[in-house]
Amino acid sequence: MAKRVLVLNGPNLNMLGMREPEIYGRDTLADIRSACAAFCEAQGWSLDFRQSNAEGELVSWIQEARGRVDAVVINAAAYTHTSVAIHDALHLLDCPIVEVHLSNIHRREPFRHHSYISSVATGVIVGFGAKGYLLALAALEAG
Ligand code: DQA
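A brief look at the structure comes next. (Residues numbered from 1 in each chain as written. Predicted model: local features only at pLDDT ≥ 70, side-chain atom pairs only at ≥ 80, totals over all residues. Heavy atoms only, no water.)

Below, the discussion takes up the packing of aromatic side chains. All chains considered together, the criterion is met by two aromatic pairs. Here F49 and Y133 contribute two aromatic rings whose centre-to-centre distance is 6.5 Å and whose plane-to-plane angle is 35°, an arrangement assigned as tilted. One end of the pair, F49, is in strand β2 (residues 46-51); the other, Y133, is in helix α5 (residues 131-142), and 84 residues separate them in sequence. Per residue, the accessibility class of F49 equals that of Y133, and both read buried. (Phe/Tyr/Trp six-rings, centres within 6.5 Å; stacked < 30°, edge-to-face > 60°. Helix = DSSP H or I, 4+ residues; strand = E, 2+ residues; numbered from the N terminus. Buried < 20%, exposed > 50% of the residue type's maximum accessible area, 1.4 Å probe, protein only.)

This part takes up the sheet that holds strand β1 (residues 4-9). Read from one edge of the open sheet, five strands run β2-β1-β3-β4-β5, paired in parallel fashion. The outermost strands of the open sheet, each flanked by one partner alone, are β2 and β5 (123-126). Taking the axes of each pair of neighbouring strands and ignoring which way they run, one obtains an average angle of 15° across the sheet. Bridge count for strand β4 (residues 97-101) against β5 is four bridges, and the pairing is parallel. Its bridge partner lying in β5, V98 is registered against G123. Running over the sheet, helix α2 (residues 29-43) touches β1 and β2 and is turned about 165° from β2. Against the sheet, α5 touches β1, β3 (71-75), β4 and β5, its axis set at about 160° to β3. (Pairing = 2+ DSSP bridges. Axes fitted to C-alpha atoms, helices over the stretch in contact; angles between N-to-C directions. Contact = heavy atoms within 4.5 Å.)

Moving on, we come to helix α3 (residues 55-65). For an α-helix, 3.6 residues make a turn, and residues three or four places apart therefore share a direction. Restricting attention to buried positions, one finds in α3 the residues L58, V59, W61, I62 and A65. Seen along its axis, α3 keeps its buried residues to an arc of 160°; they face one direction. As for α3, its buried residues are in contact with β1, β2, β3 and α4 (84-91). Phi turns positive, to about 80°, at G67, one or two residues after α3. (Arc of directions from axis to C-beta.)

Another point: empty space enclosed by the protein. Within the structure shown, the criterion is met by one cavity of 30 Å³ or more. What the largest cavity holds in volume is close to 120 Å³. Considering the residues around the largest cavity, the lining is formed by 13 residues, among which Y24, N75, A77, H101 and R108 are closest to the centre. The residue inventory of the lining of the largest cavity, partitioned by class, reads six nonpolar, four polar and three charged. (1 Å grid on protein atoms, 1.4 Å probe; cavity = no way out; pocket = protein on both sides within 12 Å on 5 of 7 lines; lining within 4 Å. Points joined across faces, edges and corners; volume = space filled by probe spheres on them. Nonpolar A, V, L, I, M, F, W, Y, C, P; charged D, E, K, R; others polar.)

What follows is about the pattern of salt bridges. Counting across every chain of the model gives four salt bridges. Where E109 meets R108, a salt bridge forms, and the shortest distance between an N and an O atom there is 3.8 Å. The partner of R112 in a salt bridge is E109, with the nearest N and O atoms 2.7 Å apart. For R112, a relative accessible area of 15% corresponds to the buried category. According to the relative accessible area criterion, E109 is partly exposed, its value standing at 32%. Connected through salt bridges with shared partners, the residues R108, E109 and R112 form a single ionic network. (Salt bridge = Lys/Arg side-chain N within 4 Å of Asp/Glu carboxyl O.)

In this section: the nonpolar core. Residues I32, V73, L102, Y133, L137 and L140 are the most contacted members of the largest nonpolar core, which totals 24 residues. Counting only elements with at least two residues in this core, the list comes to β1, α2, β3, β4 and α5. It is α2 that provides the largest number of residues to this core, a total of five residues. In this view, L102 contacts L13, L16, Y24, I32, N75, G127, F128, G129, A130 and Y133; residues no more than four positions away in its chain are not counted. In terms of nonpolar packing, the next biggest core, distinct from the first, is built from 21 residues, A65, I86, L93 and I97 among them. (Core = buried A, V, L, I, M, F, W, Y, C linked by side-chain atoms within 4.5 Å.)

None of the figures reported here should be taken as evidence of function without further support.
Encoded structure:
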């Protein structure tokens, strides 16, 4: 089935490539977008890939996705650990949601261990770097 996939990226992910590469790797967000686009094209899926540093903009995009997309992949970045608003917006969706983190947040500082996203996600992929996005798409393909 042709899927409409929305990939959302939160704050500071526009800095990937130059941002703490020992933690987040050397791939830029543009590299990740290209890899996701190639995967989706091969499946015959459409891809909407976005990034914002603003919590409210992410909330609005999630609201707009309601009934319009078949799956959401989200790396909410730092908002993962703080945003009840993103949690609540995701809760209103009725499609699969895959939470992705480049780093293994459970091996890092305690403030990164709690996610407001996980309890409203279908599944969670952490610690596999940029490949995590493709693993998320592969999970959607399998499901
Ligand atoms: C991140 C992990 C978060 O704790 C951090 O704030 C990020 C990126 C990750 O992909 O590993 O910005 O979501």
